[in-house]
Protein chains: 4
Amino acid sequence: MTQTLIKVDLKQPATQNEQIHNRWHPDIPMACWVSPGDDFVLETYDWTGGAIGNNDSADDVRDLDLTIVHYLSGPVGVKGAQPGDLLVVDLLDLGAKEEVPWGFNGFFAKKNGGGFLTDEFPMAQKSIWDFHGIYTTSRHIPGVRFAGQIHPGLIGCLPSHDLLKTWNKRELGLIATDPDRVPPLANPPVSRTAHMGKMKGEARDKAAAEAARTVPPREHGGNCDIKDLSKGSRIYFPVYVDGAGLSVGDLHFAQGDGEITFCGAIEMAGGWVHMRVELIKDGMSKYGIKNPVFKPGPLTPNYNDYLIFEGISVDSDGKQYYLDANVAYKQACLNAIEYLKKFGFSGAQGYSILGSAPVQGHFSGVVDIPNSCATLWLPTQIFEFDIRPNASGPVKYLDGSINMPISYD
Amino acid sequence: MTQTLIKVDLKQPATQNEQIHNRWHPDIPMACWVSPGDDFVLETYDWTGGAIGNNDSADDVRDLDLTIVHYLSGPVGVKGAQPGDLLVVDLLDLGAKEEVPWGFNGFFAKKNGGGFLTDEFPMAQKSIWDFHGIYTTSRHIPGVRFAGQIHPGLIGCLPSHDLLKTWNKRELGLIATDPDRVPPLANPPVSRTAHMGKMKGEARDKAAAEAARTVPPREHGGNCDIKDLSKGSRIYFPVYVDGAGLSVGDLHFAQGDGEITFCGAIEMAGGWVHMRVELIKDGMSKYGIKNPVFKPGPLTPNYNDYLIFEGISVDSDGKQYYLDANVAYKQACLNAIEYLKKFGFSGAQGYSILGSAPVQGHFSGVVDIPNSCATLWLPTQIFEFDIRPNASGPVKYLDGSINMPISYD
Amino acid sequence: MTQTLIKVDLKQPATQNEQIHNRWHPDIPMACWVSPGDDFVLETYDWTGGAIGNNDSADDVRDLDLTIVHYLSGPVGVKGAQPGDLLVVDLLDLGAKEEVPWGFNGFFAKKNGGGFLTDEFPMAQKSIWDFHGIYTTSRHIPGVRFAGQIHPGLIGCLPSHDLLKTWNKRELGLIATDPDRVPPLANPPVSRTAHMGKMKGEARDKAAAEAARTVPPREHGGNCDIKDLSKGSRIYFPVYVDGAGLSVGDLHFAQGDGEITFCGAIEMAGGWVHMRVELIKDGMSKYGIKNPVFKPGPLTPNYNDYLIFEGISVDSDGKQYYLDANVAYKQACLNAIEYLKKFGFSGAQGYSILGSAPVQGHFSGVVDIPNSCATLWLPTQIFEFDIRPNASGPVKYLDGSINMPISYD
Amino acid sequence: MTQTLIKVDLKQPATQNEQIHNRWHPDIPMACWVSPGDDFVLETYDWTGGAIGNNDSADDVRDLDLTIVHYLSGPVGVKGAQPGDLLVVDLLDLGAKEEVPWGFNGFFAKKNGGGFLTDEFPMAQKSIWDFHGIYTTSRHIPGVRFAGQIHPGLIGCLPSHDLLKTWNKRELGLIATDPDRVPPLANPPVSRTAHMGKMKGEARDKAAAEAARTVPPREHGGNCDIKDLSKGSRIYFPVYVDGAGLSVGDLHFAQGDGEITFCGAIEMAGGWVHMRVELIKDGMSKYGIKNPVFKPGPLTPNYNDYLIFEGISVDSDGKQYYLDANVAYKQACLNAIEYLKKFGFSGAQGYSILGSAPVQGHFSGVVDIPNSCATLWLPTQIFEFDIRPNASGPVKYLDGSINMPISYD
């Protein structure tokens, strides 16, 4: 049996587990050590450390303190790893902790972080998804059932001191351009809620004051939210500190490209990752690697009948943007939601499906001035009824009696 | 045998063919008429009307007058089509004209339109791709061979007068914010090179002065450059004028998501489209359709072993952007090109591969402030050698003796 | 443009075209020569040389003289090919001759060759399939539409004199065990209808008297009827004579595993193959090759939602067989046909679908005495209605008013 | 958490667990009851009840008493199920028991059951496969690593008294045609080693004397050994007795089509199945169902680069068979093994790979007298080196120093 190097007791606060941390800093002590060639299991909290409950209220989403995220398992030290190496990580398997076969998807209120479509959905909402073996369904969104594609939303190695300085400099610089913005342009270090693993006392306070928040993806990977980092994938991570310091968390049962709902994909209430590590010495320069590179695994859900929605970089008010892929993808999402409403889904349910199900988001055209074109690929086989267009028009399969909990500001 | 409704003689200038046009305007007369249920063939010029040759110089790319594009076949009138309907188009098959089994891919000079990576590749370059049945190779880029996925870069219906006004207003408005920019923010109407099909005299001049350029994708579809609109796909187009007025052109033998090289995908020197049309009466409101929706066909090349490159919205100079998916995708592309150089490809060859081969570009994270995360999926099976990472490092398979033609400004 | 080395005029009898032959013999002169690395096109007759018409009677199927088949294009001599080499053949593309966008599927009468289910369907029947670009439908079988997977039913190289002797010896030996059987156990040489290409006079007569019939697949490949030898596949053929002598014919637009209907798949009325050849010198011993080996192409129709039927080696009368995979597959086929009848298809229509559509037939269990288990994979996405089981039972979508022509003995 | 209705303690003999049985008989008492709509977990022994060890000797394979197999978990009674219904079973998930992350593959000696290629491999041999998350490797077969496709080799419902009589009659009839054959034509009832679940005393003895052995697949499904009955698949089983009586066992981590090695696939040392049941009342007649029908799940390993070997119904001695698909598939298997030997695998290793890895076996031609054509699809992506043919010939990657244990009679 494979050894579990980091255990998580979901009844214990994440902040009391010294093998957990929620900031990036080179001085966070290794939670455990392994050797190249080892395989091992790490258990994980959900990204909020248990703040979101399996219930029918969105109050917990509305009231979440975003400075506490993400609770990560690690860092795992890898013997012999040195700056400039590539850490090769095989995600051999991932799963839910047996006692919590469920996850959540939510939208933050616009005042508290928002999401990709926060202008259209400004209030906190939530859906709960139950896992039935490889499948999931939600009691808040009837008519949908699909296979999961479990992946870590967040995985990467510790930054060096230099890299950390670069991060802080550029992100604080961005914040400074509009410091009072709601939501903010970026998240500065916050010492109060920093959980620095085994670090205590002054050392902890010093590091916490400058430790990077975990929200954005960065050079080391981190919170990339890539749905295809699933079972069987192999990732090549840049190493910046001796021992590498690999951390992982924020497990998703499934997600659409973009994790557009922000809170988030189907966030697993508790999980585990079985992984194996190797090293490619001096791999960063050998392969010219700046950001992680990976190979997806062989077990992607094989849904292949898609309905594809286009969006261009003209917003809902008709405003013209210049080659703005974000606006284009937003429009593609809104187009898909409008379409789903014709079958009886509420807008919020449609939004939640796009954030949770294995939808693809593609850059389709990025050079045809002034309009970007983005496409959203909606798999039709996840629906329990036929959503494809036909001459007689859509059938309203759902009567709207079931909807997602909402909590007003 | 299916009837060919629009024939193209590649030796005749596109401007002399009255069933061809290069602008969008509601008053362009139908080139021919069909009924719902009909299937038929349209032949097509390449998007430049033959301006780019099968040779080893990039001068023609450098010197192209971009106001002449795109030469489209149509408009095809569909009996009974009315504004508000959906025109259902089956792309039953597409192919190269027998006499021109080749295509081109190029980068415009930064001074003349540029491309997605124009800062890194500011000079005009070109590669020629020969078709060998379903496969293609380039004499300018050794080591690569892949199956095509033929699709029209551009397809859509005529706009109404109102829609045309909307387009002109918003695009001219954008240009007005920085009218002297090189390259420009958008393309205004240009009467001189407008080819308005059968329109002549004053009517032509009036329409040409306000007719929309074909470069950007818009509500009607148009120049979406979606590689998955391939053999067997079914598209649902909004109809804005009586008879719909379907036009098509800019056939690509293959393309990577984004058509990042702009000039362009593998642009087919001449082609044909076999299609079938149907109507869904009042389909726009029935299904809540604003932009086209489509179902991809069943014959996508089944490459499935990918190496995936991540990019975040921090540019090559370290500048921090706020959730800018374009910057993130650009970084993912540059990361892939750096990687390919380790195997002996030149940067330009790498760029051309990303623009030509069936690579995917995904929105991976779009909400994790301040960094977007984009991924570029490079199929490893298109290379004639193994490009996957391993412990001993890359092998330089190519010696650089073959490269792409370049033409300096 | 690629050169067409063998042209076929469908109005000319196949027997008058000297680049066509319908027997295997080492002395058949090469129809043309190519060099390794060449690519070229061969046109083909249908396997019967035009004996089956695009009409609504099965009389031509009933009355077919089976000694005339298969009319093959070739043999193509490959310079430098020697016995023991492997001839590498790339099927770069295949298609229908423009003037005959249709094919046929039929059952021979039990008295005249029969088929896999000839006991259940003893009379001659036929269906005509029209090609619509990549898709096909039949006016005799409503409710079905699918993408083709064009492939040669028959392709291979000339046998040596020794190999030919081996064939004749073992097949005549088999016939001798039950010489009066109807249908026969195998097909002996028949000189009268032998078409030996350019051979004339005495030489022709001598060779025709011993030339092998083309019906069975043999060591050289030949009539393998493998649906996956489609666009883009690469085949490695054993070479037995100087020049190899590659011949091809019997093009199918689509076929189910087994070609159970015998007459046959969707037999293309006329077609062409674009291919390229290479040699692996001494490849047979290098790779231990006895029969051809191949790699399928990248453009297989991506139907992936299957309903799978099991069959075991107990026949419809309850008779027990010992590990007989044929009986098991027959039962799986019959089970699928019974199922399809619940939706309104006739038995003959069901049989024809299994012979024509991209169904898979798998050996599932071959060792669990005394029962073999075979599975038939029916893609549900080829039907225009939903054929998957549900609690309320099947809907009879078809009323039986349309059926396949039948011709009684 | 889902309830585990049948627990298995691998240290306890299977014969002492009353929720286990190894024969088919309508009177075996239900081990537990569920209702339609319930989901639940059943744990399983390996098919031999622990007789094969994780060691480097094949003695246990050589000495196995085949009358003891297969130890099944069940029968599970389903409330309301009646003869004529269809029992709908969702295989929601399957896995290895945590304490035994390994499985075995073996060949029985020809004297003790044999296998598909027992003439070529007449001695007992064994390979052990370790599971690493979704992947498996064997210390006895280097150079191979692939993702599993866990499935029950054996699953089905209890037969009725009538059906049992039919089975006994036809199988005993077959045995009677050659009663002394080694190996036997079929397996008669054997009371001594029959484990009848909760049945005791006289009732047990009476039933055991007539209870059907579990080796062959039959009308109810049973030992079908279909590799595609994997995670997420849905099966429709005929019901023959009140309560249905669903039993399952013989879990395989992976298998090639045919389970040619007989002992067997990669046989999991201990496993569990998470399933859900529903009923279609009177479904057998509604859908014309005789044998089970199923839909495969969405998580098949996506290996898609195949090398395909052909075989025809002429055996290794040149003997001609009449349309014998078994002989053809055997030849395809032998051809693949010969090929693999060129890369350094032993014949036994090649045989074991074909039995264990996700290879496909297709009926390719079944009507072209006298030769059947079968194809074996070998995925090239499971090998750690390149096994595709090229002009320079194969590289012998393995030196033969590692081989599979063998035990002589």
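This one's a predicted model, so the numbers in the text were calculated from it and none came from an experiment.

Focus: the interface of chain B and chain A
For step 1, the next point in the chain: At the junction of the two partners, chain B supplies 76 residues and chain A supplies 76 residues.
For step 2, the next point in the chain: Among the secondary structure elements, those contributing two or more residues to the side of chain B that touches chain A are helix H2 (161-176), strand E12 (217-218), helix H4 (283-287), strand E18 (293-295), strand E19 (306-312), helix H5 (325-341), strand E20 (360-365) and strand E21 (373-379) of chain B.
For step 3, the next point in the chain: Of the pairings in the sheet, the one linking strand E18 (residues 293-295) of chain A to E19 of chain B comprises two bridges and is antiparallel in character. Residue pairing in the sheet places Phe294 of chain A in a bridge with Ile308 of chain B of E19 of chain B.

What to know about helix H3 (residues 201-210) of chain A
Residues and elements named next belong to chain A.
For step 1, the next point in the chain: Every buried residue belonging to H3 is among Arg204, Ala207 and Ala208, and all of these are buried. The buried residues of H3 all sit within an arc of 100° when viewed along its axis, so they share a single face. For H3, exposure combined with an orientation more than 90 degrees from the buried face picks out Glu202 and Ala209.

Some words on the environment of Asp305 of chain B
For step 1, the next point in the chain: Its place among the elements puts Asp305 of chain B in the loop between E18 and E19.
For step 2, the next point in the chain: Separated by 83 residues in the primary sequence, Asp305 of chain B and Arg388 of chain B place their C-alpha atoms 9.8 Å from one another.
For step 3, the next point in the chain: If sequence neighbours within four positions are ignored, Asp305 of chain B has contacts with Pro379, Thr380 and Gln381 of chain B together with Gln381 of chain D.

Let's talk about the interface of chain A and chain D
For step 1, the next point in the chain: Residue-level contacts link 22 residues of chain A with 22 residues of chain D.
For step 2, the next point in the chain: For the side of chain A that touches chain D, the elements supplying multiple residues, two or more each, are strand E6 (86-96) and strand E17 (270-280) of chain A.
For step 3, the next point in the chain: Among the residues forming the side of chain A that touches chain D, the class breakdown is ten nonpolar, six polar and six charged.

Let's talk about the relation of the copies chain A and chain D
For step 1, the next point in the chain: Mapping chain A onto chain D calls for a rotation angle of 180° and an axial translation of 0.0 Å; the resulting RMSD is 0.0 Å. A rotation of that kind, with that shift, is consistent with a two-fold axis. No C-alpha of chain A lies nearer the rotation axis than that of Leu299 of chain A, which sits 2.6 Å from it.

Some words on helix H6 (residues 347-356) of chain B
All names here are of chain B.
For step 1, the next point in the chain: Extensive coverage of H6 is indicated by the burial of nine of its ten residues.
For step 2, the next point in the chain: Every buried residue belonging to H6 is among Ala348, Gln349, Gly350, Tyr351, Ser352, Ile353, Leu354, Gly355 and Ser356, and all of these are buried.
For step 3, the next point in the chain: Looking at the buried positions of H6, the neighbouring elements they touch are strand E7 (102-107), strand E8 (124-132), strand E10 (141-147), strand E16 (262-268) and H5.

Here's the deal with the relation of the copies chain B and chain A
For step 1, the next point in the chain: Rotating chain B by 180° and moving it 0.0 Å along the rotation axis overlays it on chain A with an RMSD of 0.0 Å.
For step 2, the next point in the chain: The overlap is high: 100% of the interface residues of chain B also sit at the interface in chain A, so the same surface is used on both sides.

Some thoughts on unusual backbone geometry
For step 1, the next point in the chain: Put simply, Ile369 of chain A and Pro370 of chain A share a cis peptide bond, and its omega is 0°.
For step 2, the next point in the chain: Mapping Pro370 of chain A onto the fold places it in the loop between strand E20 (360-365) and strand E21 (373-379).
For step 3, the next point in the chain: The backbone of Leu323 of chain A sits at a positive phi, close to 40°, despite the residue not being glycine.
For step 4, the next point in the chain: The residue Asp250 of chain D is not glycine, and still its phi comes out positive at about 60°.
For step 5, the next point in the chain: Residue position: Asp250 of chain D is located in strand E15 (residues 244-252).

Details of the pairing of strand E20 (residues 360-365) of chain D
Residues and elements named next belong to chain D.
For step 1, the next point in the chain: Of all six residues that make up E20, six are buried, and the element is covered over most of its length.
For step 2, the next point in the chain: Relative to strand E21 (residues 373-379), E20 runs antiparallel, the two being bridged by five bridges. Along E21, the bridge assignment pairs Gly361 with Leu376.

Quick look at the domain arrangement of chain A
Residues and elements named next belong to chain A.
For step 1, the next point in the chain: One can read the domain layout of chain A as domain 1 (4-295) and domain 2 (306-407).
For step 2, the next point in the chain: Summarising the inter-unit geometry, the C-alpha centres of domain 1 and domain 2 are found 27 Å apart.
For step 3, the next point in the chain: At the interface, 37 residues of domain 1 touch 29 residues of domain 2.
For step 4, the next point in the chain: Those elements that provide at least two residues to the side of domain 1 that touches domain 2 are helix H1 (59-62), strand E7 (102-107), strand E8 (124-132), strand E10 (141-147) and strand E16 (262-268).
For step 5, the next point in the chain: Per-element accounting of the side of domain 1 that touches domain 2 gives the leading share, six residues, to E10.
For step 6, the next point in the chain: In terms of residue class, the side of domain 1 that touches domain 2 is made up of 17 nonpolar, eleven polar and nine charged.

Let's talk about the environment of Ile266 of chain D
Residues and elements named next belong to chain D.
For step 1, the next point in the chain: For Ile266, the position within the fold is in strand E16 (residues 262-268).
For step 2, the next point in the chain: Looking at Ile266, the number of C-beta atoms within 10 Å reads 29, which means it is buried.
For step 3, the next point in the chain: Residues Ile266 and Lys126, 140 residues apart in the sequence, show an inter-C-alpha distance of 11 Å.

Scoring rules and cut-offs
- Residues numbered from 1 in each chain as written.
- Chains lettered and ligands numbered in written order.
- Predicted model: local features only at pLDDT ≥ 70, side-chain atom pairs only at ≥ 80, totals over all residues.
- Contact = placed C-beta atoms within 7 Å.
- Helix = DSSP H or I, 4+ residues; strand = E, 2+ residues; numbered from the N terminus.
- Pairing = 2+ DSSP bridges.
- Buried ≥ 20, exposed ≤ 12 C-beta atoms within 10 Å, placed from the backbone.
- Arc of directions from axis to C-beta.
- Nonpolar A, V, L, I, M, F, W, Y, C, P; charged D, E, K, R; others polar.
- Least-squares fit on C-alpha atoms with pLDDT ≥ 70 in both.
- Domains from an automatic or database assignment.

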